[in-house]
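# Chain and residue survey
What follows is each chain in one-letter form.
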Amino acid sequence: MNGQVYVILAIIFVIIIAVFAVINVDPVAVNYLFWTQESPLILVILFSVLMGGLITAAVGAIRLYRAHHEVKKLRTENERLKKRMAAYGLTDELNQEDNANEQEDKKESREEMRRERRNTKRTNKE
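Residues numbered from 1 in each chain as written. Predicted model: local features only at pLDDT ≥ 70, side-chain atom pairs only at ≥ 80, totals over all residues. Heavy atoms only, no water.

Helix and strand counts for the protein chain come out as three helices and two strands. When the elements of the protein chain are put in sequence order from the N terminus, they spell out α-β-β-α-α. (Helix = DSSP H or I, 4+ residues; strand = E, 2+ residues; numbered from the N terminus.)

Below, the structure written as structure tokens:
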């Protein structure tokens, strides 16, 4: 749901920018650092939007890379601490509860599969 909202908002934003750019087609003087050049305003607007999007994407990619690196570092530290706890004879109660829940889920799924097989065999016989 959240991803769909972003896509819809992005499409609306693109439509607004496109309409705004098409309305403004007059030539304007663009002053670069050492020279001035006339360009259609539509190109200036579209180039500015494109560069803004690229800069935003680059900043987001850097943040994502840092977050993944931090997660990897924390997982490594977590495993190291679990090994240290096991060396001292301590147990991870949360991990044991998770393992117990996983085993119960596996049992339930096995039973469901058996029931489904029985039902399919019955229907095949009929």
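Our focus in this paragraph is the pairing of strand β1 (residues 27-31). The sheet contact formed by β1 and strand β2 (residues 36-40) spans five bridges and is antiparallel. Looking at the pairing, Val-30 lines up with Gln-37 of β2. Here β1 folds back onto β2, and the loop between the two strands holds four residues. (Pairing = 2+ DSSP bridges.)

A cluster of nonpolar side chains, contributed by Val-5, Tyr-6, Ile-8, Leu-9, Ile-12 and Ile-16, occupies part of the molecular surface with about 600 Å² of accessible area. Here Tyr-6 shows up in helix α1 (residues 2-23). (Patch = residues over 30% accessible without salt bridge, like charges linked within 9 Å, V, L, I, M, F, W, Y side chains within 5 Å. Areas by Shrake-Rupley, 256 points an atom, 1.4 Å probe, with all protein chains shown as cover. Salt bridge = Lys/Arg side-chain N within 4 Å of Asp/Glu carboxyl O.)

Let us look at a positive patch on the surface. On the surface, a cluster of positive charge is made up of Lys-106, Lys-107, Arg-110, Arg-114, Arg-117, Arg-118, Lys-121 and Arg-122. Exposure remark for Arg-118: the relative accessible area of 48% places this residue in the partly exposed category. (Lys, Arg positive; Asp, Glu negative; His and termini not counted. Charge placed at Lys NZ, Arg CZ, Asp CG, Glu CD. Buried < 20%, exposed > 50% of the residue type's maximum accessible area, 1.4 Å probe, protein only.)

A few words on a negative patch on the surface. On the surface, a cluster of negative charge is contributed by Glu-104, Asp-105, Glu-108, Glu-112 and Glu-116. Looking at the secondary structure, you find Glu-104 in helix α3 (residues 93-125).

Attention shifts here to the environment of Ile-42. Here Ile-42 is to be found in helix α2 (residues 41-87). Judged by its relative accessible area of 21%, Ile-42 is partly exposed. C-alpha separation for the pair Ile-42 and Asp-26, spaced 16 residues apart in sequence, amounts to 7.8 Å. Apart from the residues lying within four places of it in its own chain, the contact partners of Ile-42 are Ala-21, Val-22, Asn-24 and Val-25. (Contact = heavy atoms within 4.5 Å.)

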